[in-house]
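Listed here are the chains, written in short residue letters.
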Amino acid sequence: MVAARITVNGKETPISPAAPHTTVLDFLRERGLTGTKEGCAEGECGACSVMVARPGVNRPTDWVAVNACLVPVAALDGQEVITSEGLATGGSSGGPTALHPVQEEMAVRGGSQCGYCTPGFICSMAAEYYRPDRCAHADPGDGTDPEHGPNGFDLHALSGNLCRCTGYRPIRDAAFAVGTPTEDDALAQRREQSPPEPVATEYTREDSTFLRPGTLAEALRLLRERPGAVVVAGSTDWGVEVNIRARREKCVVAVDRLPELRALRVESDHIEIGAAQTLTEIERRLDGRVPLLAELFPQFASRLIRNSATLGGNLGTGSPIGDSPPVLLALEASVVLADADGEREVPLSDYFTGYRQSVRRPGELIRSVRIPLPLSPVTAFHKIAKRRFDDISSVAVAFALDIEDGTVRRARIGLGGVAATPVRALAAEAALEGRPWTAETVAAATRVLQSQGTPMDDHRASARYRSAMLGQSLLKLYAQTTEAVSA
Ligand SMILES: Cc1cc2nc3c(=O)[nH]c(=O)nc-3n(C[C@H](O)[C@H](O)[C@H](O)COP(=O)(O)OP(=O)(O)OC[C@H]3O[C@@H](n4cnc5c(N)ncnc54)[C@H](O)[C@@H]3O)c2cc1C
Ligand code: FES
Ligand code: FES
């Protein structure tokens, strides 16, 4: 096996002697690339943002911004990384340094004061600069779409980057001023070539090993042979465990590039989403095909996190405040579980068994998530959190209703944050089904919905607030839909 290595700013560098748990952030800084900063070490600030080359959605390769503080460097064996230092050109060859267009705009529009956050903003901004279909989504110029610039720049690309001193207006000005890459731009040209292949990795230092198997069968065999091994995909939960809770494991098995976990297929009676598809990939590949998912994505963490986070990881971590379970419960999704003996399909409503516990057996992986078709036409996802973006839910409610001739034929409601597990609101569903979609029905069902689950008081919200928000959520859905249903 070839020694583990990573290409940083065009230069191949051995990963050794880094430990298997060493993050990309620490690896870069130890090699003098100190533009990549540590702010929080838990994915919240974006000071550590770097670009990685990944399989593209519309072109062979996309430049994708990720949180370097969460990803183990061993996970990038054979991959290509660009840091803020690698964006400017010329300086290393002895000539004057030419700023990258994104750096230039940040400089001339006053987008940087102390500069601590700036390299991270630059990398997130550069990834959006290189997004192939960026210009197709431009604001029409009348300001009706405040989240997109006239150049198509999607401000959500910066939703994971925090700045404490400049203020966001000059940063937005810079983002909305960037043009399109020139034909001789090397990073733009790189998008037309194949992405770096995933590399089978076995990286051991002292008594810990990072393994990247090449196939699902190999991964399942490894998990059977090494029952204590920890599975990682995008590492957005795992990276926090490593940095903040100092988790160190003897064996980590990466599943994020397994081809069998990376499919996304729309069949006649269901949609199958590979567990290792990132949320950004699902969002872009489905392109609104599942409106409830399309409503979820912008509210899930930040673009930086969504660029790595997977559905398998969100279900695998089993948090009662995870955002995808309520949505997938309302969609009546099931999970396909695989182990060395074969596969089984489990309805998501039967998957969670207790706080962060599930029916998943040791050695079993989530291979995919299946969403049955057709979809219910009336859907909504309400995430109640303290901030609009990049925050964890206090309560999350997802609705999927069939309303025909003014009557609720079918109701599915998924809840997060009101019990030890994500749950279906079965009693509230029954209070709606077969009844007219009227204010009276909704008022009665609201009382039922408010009594669902066993919410707790914690630092995010009180139990009373959580119950009250359940009711508000149904009233909001009614307000949102009455016009559409009666039309
Ligand atoms: C700053 C920040 C903001 C966040 N915001 C949100 C948010 O708004 N909403 C939300 O729901 N979550 C949020 N999260 C949590 C996290 O991003 C999600 O849970 C994400 O989906 C995890 O996916 P991952 O691929 O990164 O998982 P990883 O960290 O790689 O793994 C998480 C767990 O899942 C297991 N796992 C991974 N893949 C599989 C598989 N295929 N089969 C079985 N087990 C598997 C792993 O063993 C591990 O226990 C946030 C995290 C951070 C750091
Ligand atoms: S250091 Fe804050 S997101 Fe990585
Ligand atoms: S420029 Fe100081 S934190 Fe952003």
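Residues numbered from 1 in each chain as written. Chains lettered and ligands numbered in written order. Predicted model: local features only at pLDDT ≥ 70, side-chain atom pairs only at ≥ 80, totals over all residues. Heavy atoms only, no water.

Looking up the chain in an unreviewed UniProt entry gives the name Xanthine dehydrogenase small subunit, with the organism given as Streptomyces avidinii.

Caption draft 1: Fine view of the side chain of threonine 61. Along the polypeptide, threonine 61 turns up in strand β4 (residues 61-67). At 2.6 Å, the side chain of threonine 61 and the backbone oxygen of glutamine 193 are in polar contact. Filtering out sequence-adjacent residues up to four positions away, threonine 61 remains in contact with Ala53, Arg54, Gly56, Arg190, Arg191, Gln193, Ser194 and Pro195. (Helix = DSSP H or I, 4+ residues; strand = E, 2+ residues; numbered from the N terminus. Polar contact = N/O pair within 3.5 Å; in protein donor to acceptor, adjacent residues only side chain to side chain. Contact = heavy atoms within 4.5 Å.)

Caption draft 2: Representation of the domain arrangement of the chain in the model. Once the domains are mapped, the chain shows domain 1 (5-190), domain 2 (201-258), domain 3 (259-375) and domain 4 (377-487). Using C-alpha coordinates to define each centre, domain 2 is positioned 38 Å away from domain 4. (Domains from an automatic or database assignment.)

Caption draft 3: Representation of the packing of aromatic side chains within the structure. Tallied over the full model, the rule gives four aromatic pairs. Taken together, a centroid distance of 4.9 Å and an interplanar angle of 80° make the contact between tyrosine 351 and phenylalanine 352 edge-to-face. The class of phenylalanine 352 is buried, set by a relative accessible area of 12%. Considering the side-chain rings of tryptophan 437 and tyrosine 478, the 5.3 Å spacing of their centres and the 70° angle between planes classify their relative orientation as edge-to-face. (Phe/Tyr/Trp six-rings, centres within 6.5 Å; stacked < 30°, edge-to-face > 60°. Buried < 20%, exposed > 50% of the residue type's maximum accessible area, 1.4 Å probe, protein only.)

Caption draft 4: Region of the structure containing the pattern of salt bridges. Applying the stated criterion across every chain yields a total of 34 salt bridges. Here aspartate 256 and arginine 212 are joined by a salt bridge, their closest N and O atoms 2.9 Å apart. With a gap of 44 residues between them, aspartate 256 in the loop between β9 (251-254) and β10 (264-266) and arginine 212 in strand β7 (residues 208-212) connect regions that are remote in the sequence. Put simply, arginine 344 and glutamate 364 hold a salt bridge, and the shortest N to O gap is 2.8 Å. You can see arginine 344 sitting in strand β13 (residues 342-347) and its partner glutamate 364 sitting in the loop between β15 (357-358) and β16 (365-372), a full 20 residues away along the chain. A relative accessible area of 25% means that arginine 344 is categorised as partly exposed. (Salt bridge = Lys/Arg side-chain N within 4 Å of Asp/Glu carboxyl O.)

Caption draft 5: Geometry of unusual backbone geometry. In the segment running from serine 16 into proline 17, the intervening peptide bond is cis, with an omega of 10°. Mapped onto the secondary structure, proline 17 falls in the loop between β2 (11-14) and α1 (24-30). For the bond running from leucine 373 to proline 374, omega is 0°, close enough to zero to count as cis. Despite not being glycine, alanine 41 has its phi angle at roughly 60°, a positive value. Judged by its relative accessible area of 11%, alanine 41 falls in the buried class. We note that aspartate 405 has phi near 45°; this positive angle belongs to a residue other than glycine. Along the polypeptide, aspartate 405 turns up in the loop between β18 (395-404) and β19 (407-416).

Caption draft 6: Local environment of the site of ligand 1. Residues in contact with ligand 1 amount to 32 residues; listed here are only the nearest, Val231, Ala233, Thr236, Asp237 and Thr310. Here an oxygen atom of ligand 1 and a backbone polar atom of alanine 233 are 2.6 Å apart. In this structure, glycine 313 approaches ligand 1 through a main-chain N or O atom, which is 3.4 Å from an oxygen atom. Calculation on ligand 1 without its partners gives an accessible area of 980 Å², and the protein chains cover 92% of this total. Those elements that provide at least two residues to the shell around ligand 1 are β8 (230-232), α7 (238-244), α11 (311-317) and β16. The biggest single contributor to the shell around ligand 1 is α11, with five residues. (Near = heavy atom within 4 Å. Areas by Shrake-Rupley, 256 points an atom, 1.4 Å probe, with all protein chains shown as cover.)

Caption draft 7: Broad picture of the UniProt feature "domain: FAD-binding PCMH-type" (unreviewed entry) in the chain. The feature "domain: FAD-binding PCMH-type" (unreviewed entry), as annotated in UniProt, sits at residues 203-376 in this numbering. Taken end to end, residues 203-376 has its terminal C-alpha atoms 47 Å apart, with 28% of it in helix and 28% in strand. (UniProt positions renumbered as here; feature names shortened; annotations may be inferred.)

Caption draft 8: Structural detail: the sheet that holds strand β17 (residues 378-384). Across the sheet, which stays open at both edges, the four strands sit in the order β17-β18-β19-β20 with antiparallel pairing between neighbours. At either end of the open sheet lies a strand with only one pairing partner, and these are β17 and β20 (423-424). The pairing of β17 with β18 spans seven bridges and is classified as antiparallel. Of the residues in β18, the one forming a bridge with isoleucine 384 is valine 395. (Pairing = 2+ DSSP bridges.)

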